[in-house]
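So the chains spell out like this:
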Amino acid sequence: MIKGLRTALYPVNDLAAAKAWYAEVAGVPPYFDQPFYVGFAVGGFELGLVPDGEPGKAGTQVYWGVDDIESEVQRILALGASTHTAIQDVGDGIRVAELADPFGNVLGLIQNPHFDLQAVR
């Protein structure tokens with residue numbers, strides 16, 4: 001079952017500058033810092049920076065946390081969704097998928113073994 005909101009992604013053109021700015025805004029350093037993604041644990045949620053997006057056009061993406069992404073994708077597909085982006089490993093065992101709901105929206109799912117909601121409380 002869906003466990004709650006986990007991640008909001010912000011596309012950026014300058015990852016280094018955005019990382020420094022969001023560290024100031026969030027008041028914490030990133031917990032995950034790679035050239036392809038920077039993640040901050042903020043108040044029980046993740047604020048993620050993606051270097052290959054287009055700010056203002058792609059917008060923010062939201063991912064709902066799940067324990068077993070394969071099962072959840074199958075369950076939600078059975079409820080009438082379709083695959084927007086297949087399950088993919090985005091590094092260090094973090095897996096994401098995007099489904100298209102029956103109304104034209106994208107529903108993001110994330111299985112992140114590194115993000116412990118209890119640790120940020």
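Higher on the page you've got the structure.
Everything quoted here is computed from the prediction, not taken from an experiment. (Residues numbered from 1 in each chain as written. Predicted model: local features only at pLDDT ≥ 70, side-chain atom pairs only at ≥ 80, totals over all residues. Heavy atoms only, no water.)

## Points about the pairing of strand 8 (residues 106–111)
Summarising the sheet, strand 5 (residues 61–65) and strand 8 pair through three bridges and their orientation is parallel. Residue pairing across strands places Trp64 opposite Leu109, the latter belonging to strand 8. Bridge count between strand 7 (residues 94–100) and strand 8: six bridges; the pairing is antiparallel. Each residue of the ladder has a partner; that of Leu99, found in strand 8, is Leu107. (Pairing = 2+ DSSP bridges. Helix = DSSP H or I, 4+ residues; strand = E, 2+ residues; numbered from the N terminus.)

## Observations regarding the pattern of salt bridges
According to the stated counting rule, one finds four salt bridges in the structure shown. Of the charged contacts in the structure, one is a salt bridge between Lys3 and Asp67, with a shortest N-O distance of 2.9 Å. Here Lys3 is found in the segment before strand 1 (5–11), whereas its partner Asp67 is found in the loop between strand 5 and helix 2 (69–78), with 64 residues between them in sequence. We classify Asp67 as exposed; its relative accessible area is 56%. (Salt bridge = Lys/Arg side-chain N within 4 Å of Asp/Glu carboxyl O. Buried < 20%, exposed > 50% of the residue type's maximum accessible area, 1.4 Å probe, protein only.)

## Structural notes on the pairing of strand 4 (residues 45–50)
Across a regular strand the side chains alternate sides, sitting on one face of the sheet and then on the other. Among the six residues that make up strand 4, five are buried, leaving the element largely enclosed by the rest of the structure. Sheet analysis places strand 1 next to strand 4, joined by five bridges and oriented parallel. Note on strand 4: the bridge partner recorded for Pro11 is Val50. By the bridge criterion, five bridges tie strand 3 (residues 37–42) to strand 4 in an arrangement that is antiparallel. When the bridges of strand 4 are listed, Val42 appears paired with Phe45. The turn joining strand 3 and strand 4, which pair antiparallel and follow one another in sequence, is formed by two residues; a positive phi near 55° is taken by Gly43.

## A closer look at helix 1 (residues 15–26)
A rise of 1.5 Å per residue sets the reference length of helix 1, with its 12 residues, at 16 Å; its end C-alpha atoms lie 16 Å apart and thus fit the reference within 8%. Buried within helix 1 are the following residues: Leu15, Ala18 and Tyr22. Down the axis of helix 1, the smallest arc covering the buried residues is 60°, so these residues share one side. Among the exposed residues of helix 1, those pointing more than 90 degrees away from its buried face are Ala16, Trp21 and Glu24. Lining the buried residues of helix 1 we find strand 1, strand 2 (32–34), strand 3 and strand 4. Where helix 1 begins, one side-chain oxygen reaches toward the backbone nitrogen of Ala16, 3.3 Å away; that side chain belongs to Asp14. In the stretch just after helix 1, Gly27 is the one whose phi turns positive, near 80°. (Expected span 1.5 Å × (residues − 1). Arc of directions from axis to C-beta. Contact = heavy atoms within 4.5 Å. Polar contact = N/O pair within 3.5 Å; in protein donor to acceptor, adjacent residues only side chain to side chain.)

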